[in-house]
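# Coordinate analysis (summary)
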Amino acid sequence: MIDETQSTPQKLEATLPRDSYTSPEFFAREREGIFAREWVVVGREESLPRTGDCLEAKVLGESLIIVRGEDGALRAFFNVCRHRGSRLIQGSASDDAAGVPAACHVSKAIRCPYHSWTYALDGSLKAAPFLEEALAGRKGEFELYPAGVESWGGFIFVHLEPDAARARGHTLERQFGSSMNLLKNYPLADLRVGKRVVYEVAANWKVILENYNECYHCAGVHPELCKIVPAFRERGGAGLEWEHGIPHREGANTFTFSGTTKRASFPGLDESEKIRHKGELIYPNLMLSAAMDHITAFMLFPQLPGHTTVVCDFLFHPGEMAKATFDPNDAVEFWDVVNRQDWAICERVQRGMNSRRFVHGYYAPMETPSADIRRYVRERLGDAVIK
Ligand SMILES: [Fe+2]
């Protein structure tokens, strides 16, 4: 049983049970109940600057095409030919490749490699060789299956069931709720990826989100990070006020080994944001960490119950990137150390949870924000599937 008193701050509370982190059946339920019903982040708009630029994104086994149309708009389609079901484009070299969205270019049309049925960038069927007569007046029946696509802060979100989302008014804005406000001063849409690092993590996607959501582990796992942000190791990470930003140590203002950088702060930040660190978790698969000069964006792509691909993009201001002296590595190398510490500890959790003696874990009081994941999952899958 799950403790119902999840808002009580002073006691240990049960986490979700083992199966929700380890079983293929539960993972399949999450695919239908969460990832097919939510807006899911898959990439950055900047990777599709021109007409015909596209992105193949995989969302728990579904392959989608996101393409920039002749009108400049982004559209998303299922990567399935209406004729015989062939995959239309293959952005990555192998279908077994992890879930990293792969960029491609289709010029003015999407042509199926099987029988050359050809679709315009708006998804309409343009041509099917030798079938003009058979398709006369019926081409409208053979448009590509649409998926939902929306942008926020330069991030592309897709929805596998756009009609159902529309019917229940489930817009991206509604999904975000108040998450849109915390980083409103950061010029997210203007930023560009200065570096991408892809991690394959042998842990359930929820383990990674929960780990991101608490700093009880920071003192033991992240010595370098705690040097820059001593508040992370005080009181077991309790009482961190993320809405106001977390202070660095005196003289530090960003996430690098020195706590400083040559990069200027983003335009538009308030005085507090120029010296403090903010973070946000946008369910189900985007984690954002905001320094005054760079944003670290983690996109999670669950592959298996115990395997998640994490695409980590480092975003910088184009004005800084244009400078001859621009070098993202002070941030990237620092984060790589912190990230690998996190992934290693998440993998240990995953291995430990596989034990037959593990029934569920406990959230400590200072981990309360991560307790949200129980509510998040239960609201979408129902109590009945979480025993
Ligand atoms: Fe961590």
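Scope of this entry: the structure provided in the associated data block. (Residues numbered from 1 in each chain as written. Predicted model: local features only at pLDDT ≥ 70, side-chain atom pairs only at ≥ 80, totals over all residues. Heavy atoms only, no water.)

Further remarks concern the sheet that holds strand S8 (residues 118-120). Ordered by their spatial adjacency, three strands build an open sheet running S7-S8-S9, and the pairing between neighbours is antiparallel. Each edge of the open sheet carries a strand with a single partner, namely strand S7 (109-111) and strand S9 (125-127). On average, adjacent strands in this sheet sit at an angle of 35° to one another, irrespective of strand direction. Summarising the sheet, S8 and S9 pair through two bridges and their orientation is antiparallel. (Pairing = 2+ DSSP bridges. Helix = DSSP H or I, 4+ residues; strand = E, 2+ residues; numbered from the N terminus. Axes fitted to C-alpha atoms, helices over the stretch in contact; angles between N-to-C directions.)

Around the iron ion, the protein supplies His217 (NE2), His222 (NE2), Asp342 (OD) and Asp342 (OD) as donor atoms, at distances of 1.9 to 2.7 Å. Coordination at the iron ion is irregular: its four donor atoms span angles of 53 to 152° at the metal. In the primary sequence, the donor residues of the iron ion line up as H-x4-H-x119-D. Highlighted residues: His217 in the loop between helix H6 (205-212) and helix H7 (218-221) and Asp342 in helix H10 (residues 329-353), separated in sequence by 125 residues. Accessibility assignment for this pair places His217 and Asp342 in one class, buried. (Donors = N, O, S within 2.8 Å, 3.2 Å for Na, K, Ca; no water. Tetrahedral: all angles 85-135°; square planar, octahedral: opposite > 155°, others 65-115°. Buried < 20%, exposed > 50% of the residue type's maximum accessible area, 1.4 Å probe, protein only.)

What follows is about the packing of helix H2 (residues 24-35) against helix H11 (residues 368-381). For the pair H2 and H11, the least separation of the axes is 9 Å and the interaxial angle reads 80°. As judged from the angle between their axes, H2 and H11 are roughly perpendicular. Mapping the contact onto sequence places Phe26, Arg29, Glu30, Gly33 and Ile34 in H2 and Tyr376, Val377, Arg380 and Leu381 in H11. Across the contact of H2 with H11, the residue classes tally to five nonpolar, one polar and three charged. (Parallel < 35°, antiparallel > 145°, perpendicular 65-115°, else oblique. Contact = heavy atoms within 4.5 Å. Nonpolar A, V, L, I, M, F, W, Y, C, P; charged D, E, K, R; others polar.)

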